[in-house]
Each structure stands twice: as structure tokens, then as C-alpha cells.
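This is what each chain is made of:
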Amino acid sequence: MTDLILTGGTVVNETASDFADVAITGGRVSAIGKPGSLGEAAEVVDVTGLHLIPGVIDMHVHFREPGYTHKEDWETGTQAAAMGGVTTVFEMPNTHPPTRSVTEFRQKQELAKKACVDFGIYGLLAEDNIDEIQSLIDAGANAFKCFMGTNLDILVCENFILHKNTQDKSLQINYKQETKPVSYTHLRAHETSLHLVC
């Protein structure tokens, strides 16, 4: 049996909006159908006049934990995200300490247990942690950020040469005459930073 049906709302997707009911089973959307077509549920909530939209994914958040919790932390940041309709966040690596190795990555995963939305964690791509990149990927890093210029002197990458192979989705990172291959799905360059999505 369905746990919950939201009825009477306007469902919005990537192409249209229409009146529809939404069934939720086990905490996940299990069906969308015409009003009254989804059968019975343990609970029915009338959402007439409201819009039901997919959760937003924010690929660039700074929760400042560890190190700067006077600004924000995983709990307050994800609460704010949820209130704004953001259901998945990806947290940047420039905390204190930065997410440059599996040790810091695991620490951040532990802190993120208080998150109230889904999340991913960026690893840091820096000149002093090239040998950590594969282990960070293996530990679950969803993406990497390389700061090409910043006021945080420990994070600057000035000596990288990146070679992108679009056929096999690999990236060669050349640094001090050493070459490291990294698998990726998306590479986005900005004036001051580089994002590498695994």
C-alpha cells in the first residue's frame, strides 16, 4: 500500500505543469497520475492550490564545517536548503582543514550525518595532493575543485597542465613532469577555479 498521496496540487516537471496526484512509498515518489487514479494510501494530504516541483540540486554550497562553524554548518546549511526546495547539495572543499585527503573526507562525511537533504562532497585538487585524488574518488568524492587563484594561499594551483581526452573521459594532470590520469564526466573551467566531476 502507498504510504502517502498528495492530491489536488499542480505537478511541475521539465516540460509542463498539470493537476495530478503524487504517491509516496518508502520516502520516495512511487507514482504520478491523474487526480483520484492512484488508489488508496495510509495518508492523503490535500495540497490544492500548491505546486509540487522536483527538488533542486545545488552543485556549489559552502557549509563551512569543519573550521568555520560560526558562519554555517551542515545542519543549518541543509535546513536552509530544504526550506528553499533544495533536496541535494554538493559541498565545496575549502574548509579548515580542506578536503584534500581521505582523512579530511571521512571527517566531513561524519559531520554531514546531521544533513537533512541528500549531499555530495567535493575533494580538493591541489598541487600537494595529486597522489590523493584516486583514493578520494574511491572514498566517494563526487567532484573536485582546483582553485587557480584565491586568497586562501594553501589552495592555489599555479603549475598544473591539464589534458582532456574526450573519447575515454580521462584527464591527464601534469605537475612537475609527473602525469596522473583521472577519470571524469564533466570538466568546467572558470577564471579562478576548475571543477572536475567524477
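Note that this is a predicted model, so its numbers are computed, not measured.

### Some remarks on the packing of aromatic side chains
- A complete count under the given rule lists 2 aromatic pairs for this structure.
- Judged by centre distance (5.1 Å) and plane angle (65°), the rings of phenylalanine 63 and tryptophan 74 are edge-to-face. Of this pair, phenylalanine 63 sits in the loop between strand 6 (56-61) and helix 1 (74-83) while tryptophan 74 sits in helix 1; the two residues are 11 residues apart in sequence, bridging distant segments of the chain.
- Residue class for phenylalanine 63 comes out buried when judged on its relative accessible area of 3%.
- Ring geometry for tryptophan 74 versus phenylalanine 119: centroids 5.2 Å apart, planes at 65°, classification edge-to-face. One end of the pair, tryptophan 74, is in helix 1; the other, phenylalanine 119, is in strand 8 (residues 118-124), with 45 residues separating them in the sequence.

### Observations regarding the layout of surface pockets
- Taken as a whole, the largest pocket holds about 720 Å³ of empty space.
- Here the lining of the largest pocket gets 6 residues from one element, more than from any other, and that element is strand 2 (residues 17-25).
- Residue classes in the lining of the largest pocket are distributed as 14 nonpolar, 8 polar and 4 charged.

### Concerning the confidence of the model for the protein
- Looking at the protein, the pLDDT average stands at 82 and 74% of residues meet or exceed 70.
- Every residue in residues 174-181 scores below 50 in pLDDT, and together they form 19 contacts with partners more than four places removed in sequence or on other chains.
- Predicted confidence is poor over residues 183-187, with pLDDT under 50, and the contacts of this stretch with residues over four places away or in other chains come to 24 contacts.

### Let's talk about the nonpolar core
- Counting 19 residues, the largest nonpolar core has Trp74, Val89, Phe105, Leu125 and Phe144 as the members making the most contacts within it.
- Within the residue set of this core, elements represented by two or more residues are helix 1, strand 7 (86-91), helix 3 (133-139) and strand 9 (143-147).
- It is helix 3 that contributes the most residues to this core, 3 residues altogether.
- The residues touching phenylalanine 105, leaving out its near neighbours within four places in the chain, are Thr99, Ile121, Leu136, Ala139, Gly140 and Ala141.
- Judged by nonpolar contacts, the second largest core, of 8 residues, contains Leu4, Val22, Ile24 and Leu52.

### Side note on the pairing of strand 7
- Among the 6 residues in strand 7, 5 count as buried, and that is most of the element.
- As paired elements, strand 6 and strand 7 share 4 bridges and run parallel to each other. Bridge pairing in strand 7 links aspartate 58 to valine 89.
- For the handedness criterion, the β-α-β arrangement of strand 6, helix 1 and strand 7 is classed as right-handed.
- Pairing analysis gives 4 bridges linking strand 7 to strand 8, with the strands arranged parallel. By the bridge assignment, valine 89 is partnered in strand 8 with phenylalanine 119.

The rules we used
Residues numbered from 1 in each chain as written. Predicted model: local features only at pLDDT ≥ 70, side-chain atom pairs only at ≥ 80, totals over all residues. Heavy atoms only, no water. Phe/Tyr/Trp six-rings, centres within 6.5 Å; stacked < 30°, edge-to-face > 60°. Helix = DSSP H or I, 4+ residues; strand = E, 2+ residues; numbered from the N terminus. Buried < 20%, exposed > 50% of the residue type's maximum accessible area, 1.4 Å probe, protein only. 1 Å grid on protein atoms, 1.4 Å probe; cavity = no way out; pocket = protein on both sides within 12 Å on 5 of 7 lines; lining within 4 Å. Points joined across faces, edges and corners; volume = space filled by probe spheres on them. Nonpolar A, V, L, I, M, F, W, Y, C, P; charged D, E, K, R; others polar. pLDDT = per-residue confidence, 0-100. Contact = heavy atoms within 4.5 Å. Core = buried A, V, L, I, M, F, W, Y, C linked by side-chain atoms within 4.5 Å. Pairing = 2+ DSSP bridges. Right-handed = clockwise from strand over helix to strand, strands pointing away.

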